[in-house]
Amino acid sequence: MDLYFNFIRNFKWGCTVIIGLVFVQFSWLSTAECSSEPKIHSIFPLGGQIGQTFSIKLRGEHLSEAYDLWCDCDSISASILGLETNSTSGNNRMKSVKGEVNSKLIQVLNIELQIMQKAAPGRYSLRVITSRGISNSLSFWIHPEPSHKETAAPHEVVAQSERLENFPIAVHGVLANPGEVDYYAFEILESESLHFQVYSTALSDTALSLYEPIGSWFDPNRPHRIAFNDEPIFHPD
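From a predicted model like this one, the values you see are computed outputs, not experimental measurements.

Procedures and definitions
- Residues numbered from 1 in each chain as written.
- Predicted model: local features only at pLDDT ≥ 70, side-chain atom pairs only at ≥ 80, totals over all residues.
- Heavy atoms only, no water.
- Helix = DSSP H or I, 4+ residues; strand = E, 2+ residues; numbered from the N terminus.
- Buried < 20%, exposed > 50% of the residue type's maximum accessible area, 1.4 Å probe, protein only.
- Areas by Shrake-Rupley, 256 points an atom, 1.4 Å probe, with all protein chains shown as cover.
- Core = buried A, V, L, I, M, F, W, Y, C linked by side-chain atoms within 4.5 Å.
- Salt bridge = Lys/Arg side-chain N within 4 Å of Asp/Glu carboxyl O.

> Could you give an account of the overall build of the protein chain, with specific residues and numbers?
Summing up its helical and strand segments, the protein chain has zero helices and 20 strands in all. In the protein chain, which comprises 237 residues, the share counted as buried stands at 46%. Just so you have it, the protein chain exposes about 12200 Å², and 50% of that area is on carbon and sulfur atoms.

Here it is, written out as structure tokens:
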């Protein structure tokens, strides 16, 4: 599941805070949906900052004959860089509703995007154009905040939390498996607070928790949870 969340700085109390994003549910693709038409299942990153040029990955099927990208925003230009296919990675295999592994492998289309300075922030739709036809659409966010892409370094335990230094910021990450947890750490002042917004392309139940690393008598690294939210996040696709 690809997700995007941003932080907007306001005012309140302060401390060192750790945020935990937990993926507790997953919606698998139905085998009945398989066909020769191009399909895209996810985008990473799920958005980009105005005025920036960067690479994105589209995961899907039947993308080998892709030659262009369609978007309902005329302030985005795209160039196809290449296709990754024939992967044997478990994450690249489709699963049915019953959780059975499908023999079809997911293809990854690499694209370079440029978001022009005149682009307006908001949610837009992306489609892949191939000689087989046009794919389904997935949402893509244009935002004014600087982007932070999840690093490859492990951050699934509190002690390895990925540091976030500046705000506002838009964080782009991936929760690939049910039960997966990612931790991010940051500091705020006593007079500040942060506002969180979370978006995803997957039909999932993602929980967001805030912790303060105050420890305990038994474990000096044990975090103390100070806030929790598992309300449904926005996933229009």
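Back to the write-up after that little detour.
> How would you sum up the nonpolar core? Please name residues and give values.
Grouped together as the largest cluster of nonpolar side chains are 26 residues, with contacts concentrated most on I56, L58, F140 and I142. Those elements that place two or more of their residues in this core are β3 (39–44), β5 (53–61), β6 (66–71), β10 (107–115), β11 (122–130) and β13 (138–143).

> Can you break down the pattern of salt bridges residue by residue, with the values?
Scanning the model with the defined rule gives three salt bridges in all. One salt bridge connects E84 with K57, and the closest N-O pair in it is separated by 2.7 Å. Taken together, the residues E84 in strand β7 (residues 76–84) and K57 in strand β5 connect sequence positions 27 residues apart. As a salt-bridge pair, R163 and E165 come within 4.0 Å of each other at their nearest N and O atoms. Beyond isolated ion pairs, a larger network of salt bridges with shared partners links R163, E165 and E187.

So yeah, pure geometry; function would need other evidence.
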